[in-house]
Amino acid sequence: MHGDKQDVPSTVDVPHTHRPGRHCGSSAIRDLLEFHGLNLTEAFCFGLGAGLGITYVEIPGTDTPFIVHVRSMGFEETVFSTLGVPFRWETWQDKCAAADALDAHLDAGRPALLLTDIFYLPYFKSSTHFPGHAIVAWQRAEKGETMLVSDTERPGLLEVPRDKLVEARFSLSPPFIHHGSLFAPESVSVQVSAENVRSAIVKNADNLLQGSRSHGIQALTTWIQELPRWKAVDKWQWLLRFAYQVIEKRGTGGSGFRAMYSEFLDEASEIVPEIHEAGLVELMRTSAAAWSALADCLRKGSESETFPEEAITDAIESVRVAETRYADAASTF
């Protein structure tokens, strides 16, 4: 979900089910499910994971001391639990043990879903730590010292040195903390039901409504209240630019994931017709437009000489109204 597209190493042609996608987690899970015989679109995977979220995070002492994430926490686990697939992240305190465990899975022919920090993935060429980025590891090469992985919009498989990948798998940076997190099921044998779809939609709406100061729709109010602190940051232009990127550019599919969620709702209405009857697709498209307008406001602000507090406040408020209208309707449809 993270980082602008960079030049990448040559891809490797080995058996895999990867197709380029828009968001790291949903595209990685789509690939993994297809490997195990369940063919779903990326948008559908995102919806099953109740992927919409709003999280306000403070990380003092960094160039981005305030960050607003627009995807739910625990998304990957939610997809599998919604489908009734037993899920548990394998974690380790020791990096060597984590690397050895991944080797064992790949040598047994089990591709693995991983959480990583893009700072350590060579093809990103990133100077910024951004953890929680999901990829799939497929195979070992070069006598086991090179790992072949797939990643979001990049075609084919990419080569990552084994030592770099093990570093990428560990992060203590909130809100995405991971200790070698790995999921490599032996098999997946499920079908999607109308109950799966409905429960995922209601769960996501409830998560948005029943939040806290830092989570859910309430976090938007916090963001408005905290704008004077944003304005006081020396590099506030970069702070606004980063927020714009998180909403519109960094693997969200645009509009803070709301455009992709609209696609999920439209597709899911074939299984649950009440989705269209409740107007959920239109309400989500309205929310997507509000998020894009907010992102554009942040982008323009990042290019300004003065901090546009009033304009950002109005744009966040428009998002809050649109998100509330959608979540109220979706929680009871």
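Rules behind the numbers
As a convention, each chain's residues are numbered from 1 in the sequence order in which they are written. This being a predicted model, a pLDDT of at least 70 is required before a residue's local features are given, and a value of 80 or more before pairs of side-chain atoms are given or counted; all residues contribute to the totals for chains, interfaces and linings. Only hydrogens and water are set aside; all other atoms, that is, all heavy atoms of the structure, feed into the side-chain values. Helix and strand assignments come from DSSP, with helices taken as H or I runs of at least 4 residues and strands as E runs of at least 2, each series counted from the N terminus. The contact criterion used is simple: two residues touch if any of their non-hydrogen atoms lie within 4.5 Å. Using a grid of 1 Å spacing that covers the protein atoms alone, one calls a set of points a cavity when a 1.4 Å probe fits there but cannot get out, and a pocket when the set is open and has protein on both sides within 12 Å along at least five of seven lines; lining residues are those with an atom within 4 Å of a point. Grid points are joined across faces, edges and corners, and a volume is the space filled by probe spheres set on the points. As a working rule, the residues Ala, Val, Leu, Ile, Met, Phe, Trp, Tyr, Cys and Pro are called nonpolar, Asp, Glu, Lys and Arg charged, and the rest polar, with Gly in that last group. Note on classification: 1.4 Å probe, protein chains only; a residue is buried when its accessible area is under 20% of the maximum for its type, exposed when over 50%, partly exposed between these limits. Confidence of the predictor at the level of single residues is given by pLDDT, which spans 0 to 100. Side-chain atoms within 4.5 Å link the members of a nonpolar core, which is a set of buried Ala, Val, Leu, Ile, Met, Phe, Trp, Tyr and Cys residues. The aromatic pairing rule takes the rings of Phe, Tyr and Trp, using the six-membered ring of Trp, and pairs them if the centres are within 6.5 Å, calling planes under 30 degrees apart stacked, those over 60 edge-to-face and the rest tilted.

(A) Representation of the environment of Leu283. The residue Leu283 is located in helix 11 (residues 280-302) in this model. Taking the C-alpha atoms as reference points, Leu283 and Ser262, 21 residues apart in sequence, are found 8.8 Å from one another. Contact partners of Leu283, with chain neighbours within four places excluded, come to Ala278, Arg325, Tyr326 and Ala329.

(B) Representation of the layout of surface pockets in the model. Computed from the structure, the largest pocket encloses a volume of approximately 250 Å³. Around the largest pocket, the lining comprises 16 residues; the ones closest to its centre are Ile59, Thr64, Ile67, Thr128 and His129. At the level of secondary structure, the elements contributing two or more residues to the lining of the largest pocket comprise strand 2 (66-71) and helix 8 (236-248). Tallied by class, residues from the lining of the largest pocket come to nine nonpolar, six polar and one charged.

(C) Inspection of the side chain of Ser171 at higher detail. Counting through the fold element by element, Ser171 comes out in strand 7 (residues 170-171). Looking at Ser171, the relative accessible area reads 6%, which means it is buried. Beyond its immediate sequence surroundings of up to four residues, Ser171 is in contact with Pro131, Phe176, Ile177 and His178.

(D) How the structure looks around the confidence of the model for the protein chain. Residue-level pLDDT values for the protein chain average 93, and 96% of them are 70 or greater. In this model, residues 1-10 is a region of pLDDT below 50 whose contacts with residues beyond four sequence positions or in other chains number 35 contacts.

(E) How the structure looks around the nonpolar core. By size, the foremost hydrophobic cluster in this structure holds 109 residues, and its most contacted members are Leu113, Ile201, Trp223, Trp230, Leu265, Ile275 and Leu294. With residues near it in sequence (within four places) discarded, Trp223 still touches Tyr56, Val68, Trp230, Ile247, Leu294, Leu298 and Ile316.

(F) How the structure looks around the environment of Trp236. Structurally, Trp236 can be placed in helix 8. On the accessibility criterion, Trp236 (10% relative accessible area) is buried. Along the primary structure Trp236 and Ser302 are separated by 66 residues, whereas in three dimensions their C-alpha atoms are 7.5 Å apart. Once residues lying within four places of it in the same chain are set aside, the contact partners of Trp236 are Trp230, Lys231, Gly301, Ser304, Glu305, Thr306, Phe307 and Pro308.

(G) Quick peek at the packing of aromatic side chains. Tallying each qualifying case throughout the model produces 19 aromatic pairs. Between Phe46 and Tyr261, the aromatic rings sit 6.4 Å apart at their centres with planes inclined by 80°, giving edge-to-face as the arrangement. Note that Phe46 is positioned in helix 2 (residues 42-48) and Tyr261 in helix 9 (residues 258-268), a separation of 215 residues in sequence. The same class applies to Phe46 as to Tyr261, namely buried. When the centroid spacing of 5.4 Å and the interplanar angle of 20° are considered together, the rings of Phe80 and Phe87 count as stacked.

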